[in-house]
Amino acid sequence: MTVVRRLSDLPDGRFAPDEPVIALTFDDGPGAATDAVATALAKLDARGTFFVVGSVAQEEPDLLAALVTAGHVVGGHSWSHGRIDDATDAELAEEALRTSMLIEDATRAPAPLFRPPYRRVDAPRWDSVVAPLGLQTVTWSVDPRDWALTDPVAIATAALDHLHPGAIVLLHDGGGDRTATLEAVPLIVHGARLAGYRLVTL
Ligand SMILES: [Zn+2]
């Protein structure tokens, strides 16, 4: 299968390559900011795609269900968020599948999306393992490095400066203090709309 890096890569063909759509994606949750990010998006009449860490998400099945009920999409981001260099294919398969099954149990919705932890260069190896399991590997095309920035305006500017049709924007709602990301969300949504983009989910 194909590793999805932009929306027009999705095999369901929902988005043409030049379509003015973008998706905001949030990794490493659930965390303290997850509910606030989801609420901020909904207030803007936008929806996000959340890639959750299974070992954390298992403590918050109700939150996963609430995200899906509110129209957001939840995908897997591995069970342990470990590095893969020493992992066997069987271990990678379990990491992805266990998380997907957890999400499906919690949300009663299919959870075919998988985002590899850490490096984008690891995606082809993950994909070779998870594609036969029916999971779709998704990376990103815009990385504003929100995890390294504390200024919401800097995060929003970094995202908006690199938007393109079909952009998949990498942000984080867990794994640390995400106050700046939370504050950047409305700036990104408004800026993207001013530039003519529609916000969609994966
Ligand atoms: Zn991550």
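Above this text you will find the structure in question.
Residues numbered from 1 in each chain as written. Predicted model: local features only at pLDDT ≥ 70, side-chain atom pairs only at ≥ 80, totals over all residues. Heavy atoms only, no water.

## What to know about the pairing of strand β2 (residues 49-52)
By the alternation rule, side chains of β2 split into Thr49 and Phe51 and Phe50 and Val52, which are all buried. Sheet topology places strand β1 (residues 21-29) next to β2; four bridges connect them, and they run parallel. Looking at β2, one finds that Thr25 is bridged to Thr49. One crossover worth recording links β1 to the parallel β2 by way of helix α1 (residues 34-43), and it is right-handed. Across four bridges, the pairing between β2 and strand β3 (residues 73-76) is parallel. Bridging across to β3, Phe51 finds its partner in Gly75. (Buried < 20%, exposed > 50% of the residue type's maximum accessible area, 1.4 Å probe, protein only. Helix = DSSP H or I, 4+ residues; strand = E, 2+ residues; numbered from the N terminus. Pairing = 2+ DSSP bridges. Right-handed = clockwise from strand over helix to strand, strands pointing away.)

## Section: the layout of surface pockets
The method is simple in principle: a probe with the dimensions of a water molecule rolls over the atoms, and the space it marks as empty is what remains. Volume-wise, the largest pocket comes out at about 230 Å³. Taken together, 13 residues form the lining of the largest pocket, with Asp28, Tyr118, Trp147, Leu170 and His172 sitting closest to its centre. Looking at the lining of the largest pocket, the elements that each hand over two or more residues are β1 and β6 (167-172). Residue composition of the lining of the largest pocket, grouped by class: six nonpolar, three polar and four charged. (1 Å grid on protein atoms, 1.4 Å probe; cavity = no way out; pocket = protein on both sides within 12 Å on 5 of 7 lines; lining within 4 Å. Points joined across faces, edges and corners; volume = space filled by probe spheres on them. Nonpolar A, V, L, I, M, F, W, Y, C, P; charged D, E, K, R; others polar.)

## Let's talk about α1
Among the residues of α1, those classed as buried are Thr34, Val37, Ala38, Ala40 and Leu41. All buried residues of α1 fall inside an arc of 160 degrees around its axis, so they share one side. Buried residues along α1 sit in contact with β1, β2, α3 (61-69) and α7 (179-194). One or two residues past the end of α1 sits Asp45, with phi positive at roughly 55 degrees. (Arc of directions from axis to C-beta. Contact = heavy atoms within 4.5 Å.)

## Some points on helix α4 (residues 89-107)
Between the first and last C-alpha of α4 there are 27 Å, a value that for 19 residues agrees with the 27 Å anticipated at 1.5 Å per step. Buried residues of α4: Leu92, Ala93, Glu95, Ala96, Thr99, Ser100, Leu102, Ile103, Ala106 and Thr107, and no others. Looking at the buried side of α4, the elements it contacts are β2, α2 (54-57), α3, β3, β4 (113-114) and α5 (123-130). (Expected span 1.5 Å × (residues − 1).)

## Structural notes on the packing of aromatic side chains
If you walk through the whole model with that rule in mind, you get two aromatic pairs. With a centroid separation of 5.1 Å and an interplanar angle of 20 degrees, the aromatic rings of Phe26 and Phe50 are classed as stacked. Of this pair, Phe26 sits in strand β1 while Phe50 sits in strand β2, and the two are 24 residues apart along the sequence. Measuring from ring centre to ring centre gives 4.7 Å for Phe114 and Trp126, while their planes differ by 45 degrees; the resulting arrangement is tilted. Remark: Trp126 occurs in helix α5 and Phe114 occurs in strand β4; sequence separation between them is 12 residues. Of the two residues, Phe114 and Trp126, both sit in the buried class. Sitting above the plane of the Tyr118 ring, Arg83 keeps its charged end 3.8 Å from the centroid. Across the ring face of Trp79, the terminal group of Arg98 is positioned such that the distance to the ring centre comes to 3.8 Å. (Phe/Tyr/Trp six-rings, centres within 6.5 Å; stacked < 30°, edge-to-face > 60°. Lys NZ or Arg CZ within 6 Å of the ring centre and 35° of its normal.)

These results come straight from atomic positions and should not be treated as a statement about function.
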